[in-house]
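As a plain string of letters, each chain reads:
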Amino acid sequence: MNQQAFELGKSAYDQGDWFVAISQFDVAKEPGEVNGQIDHLLGNAYMKLGQFESAVNAYAGALSDVSYGKAGALSTNRGRALLAAGRVQEAIDTLSKAVQDASYTTPYKAFLALGSAYERLGDTRNAGIAYRNAAVDEANPNPSGALRSLGKCFMGLGRPVDAVEAYRTALDFLTPLESQAEVYCELGLAYVAANRMSEAVDAFSHASSDSTFVMSDEARTAYEAAQNAVARIRSRKPSETDAFLQAAGYGS
């Protein structure tokens, strides 16, 4: 390895100067040399530049260096690059290998990418399985995103009751920077689909209380439908006095 070129490339990499980093890393390897660290950094730099095919090849080079290890992380990165390049089935195959690496400490990253890949293929069921695995991974610092994606999959599968539970759990894990209104809106749509109109009104009310949040046309229509349904139910419900009089034989 050309140590000087590597150090120059690493310095440029740390400063976000991806073009210089790539040019230096390219000359840092000796002809025929296998170096997982250099190829790993090369792949990352290519991803930053949107050069996905080059990233795919760089990560493949890093994976060929068995002594470097990090098979799970490298396979995840390569799977993401394949997905970005539109090679969806290859991405799924590669990401599936990533989650099989027992030494990989953050498999949720691979599961999230797997979920996205399966969605691209229209395979909602397997996408949901992947998102669920991402959500339950204890290493995942933000399971709310995976839970929302899982809720979306449940809705696509016609399972709104399960979607409700996914969205309600997502609310418990939201970070301060995430929008509660968006999740409440998704929850409201799930409640409507489950024909739980009163709860839908409550969820949509929470969403609309955020003045910065703009509901979609679909959500506004569902909110109005839920409000109308609740109003109709309440208009048909007799008061306690009416119920007492009817029980006593009056008003019949």
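Here we summarise the structure given alongside this text. Sequence order as written defines the numbering, with residues in each chain counted from 1. Side-chain atom pairs in this predicted model are given and counted only at pLDDT of 80 or more, local residue features only at pLDDT of at least 70, and totals for whole chains, interfaces and linings cover all residues. Side-chain calculation: all heavy atoms of the structure are included, whereas hydrogens and water are not.

1. Details of the packing of aromatic side chains
Stacked, tilted and edge-to-face are the three classes applied to pairs of Phe, Tyr and Trp rings, where Trp contributes its six-membered ring and a pair requires centres within 6.5 Å; stacked means planes under 30 degrees apart, edge-to-face means over 60, and tilted covers the rest. A complete count under the given rule lists four aromatic pairs for this structure. Ring geometry for Tyr13 and Phe25: centres 6.4 Å apart, planes at 55 degrees, overall tilted. Separated by twelve residues along the polypeptide, Tyr13 in helix α1 (residues 3-14) and Phe25 in helix α2 (residues 18-28) bring together distant segments of the chain. According to the relative accessible area criterion, Tyr13 is buried, its value standing at 17%. For the purposes of this entry, the term helix denotes a DSSP run of H or I that reaches at least four residues, the term strand denotes a run of E that reaches at least two, and both are numbered from the N terminus. Here's how the labels work: a residue is buried when its accessible area is under 20% of the maximum for its type, exposed when over 50%, partly exposed in between, all with a 1.4 Å probe on protein chains only.

2. Thoughts on the environment of Gly128
Checked against the element boundaries, Gly128 lands in helix α8 (residues 124-136). Under the relative-accessibility criterion, Gly128 is labelled buried at 8%. Distance from Gly128 to Arg168, taken between C-alpha atoms, is 16 Å for residues 40 residues apart in sequence. Whether two residues are in contact is decided by their heavy atoms: any pair within 4.5 Å suffices. Excluding residues that lie within four positions of it along the chain, Gly128 makes contacts with Leu150 and Cys153.

3. A closer look at the environment of Ala5
By the secondary structure assignment, Ala5 is in helix α1. Between the C-alpha atom of Ala5 and that of Asn228, which follows or precedes it by 223 residues, the distance is 69 Å.

4. Here's the deal with the nonpolar core
Counting residues in each nonpolar core, the largest one holds 76 residues, and the members touching the most others are Phe25, Leu187, Phe204 and Met215. Apart from residues lying up to four places away in sequence, Phe25 is in contact with Phe6, Gly9, Lys10, Tyr13, Ile38, Leu41 and Leu42. Nonpolar core, defined: a set of buried Ala, Val, Leu, Ile, Met, Phe, Trp, Tyr and Cys residues in which side-chain atoms within 4.5 Å join the residues together.

5. So, helix α10 (residues 160-173)
A helix is expected to span 1.5 Å multiplied by its residue count minus one. In this model, α10 (14 residues) spans 20 Å end to end at C-alpha, consistent with the 20 Å of a helix rising 1.5 Å per residue. Along its buried surface, α10 packs onto α9 (143-156) and α11 (180-193).

6. Details of the packing of α11 against helix α13 (residues 217-236)
A pair of packed helices can be characterised by two numbers: the angle between their axes and the separation between those axes. Lines fitted to C-alpha atoms define the axes, with helix axes restricted to the stretch in contact, and inter-axis angles between N-to-C directions lie between 0 and 180 degrees. Two numbers describe how α11 lies on α13: the axes approach to 10 Å, and their chain directions differ by 50 degrees. With respect to α13, the element α11 is oriented oblique. The hand of the α11/α13 crossing is left-handed. Where α11 abuts α13, its residues Cys185, Leu189 and Val192 lie against Glu218, Ala219, Ala222 and Ala226. Each angle receives one of four descriptions, namely roughly parallel if under 35 degrees, roughly antiparallel if over 145, roughly perpendicular if within 65 to 115, and oblique otherwise. Helix crossings fall into two classes, left-handed where the near helix is turned counterclockwise from the far one by less than a right angle and right-handed where it is turned clockwise.

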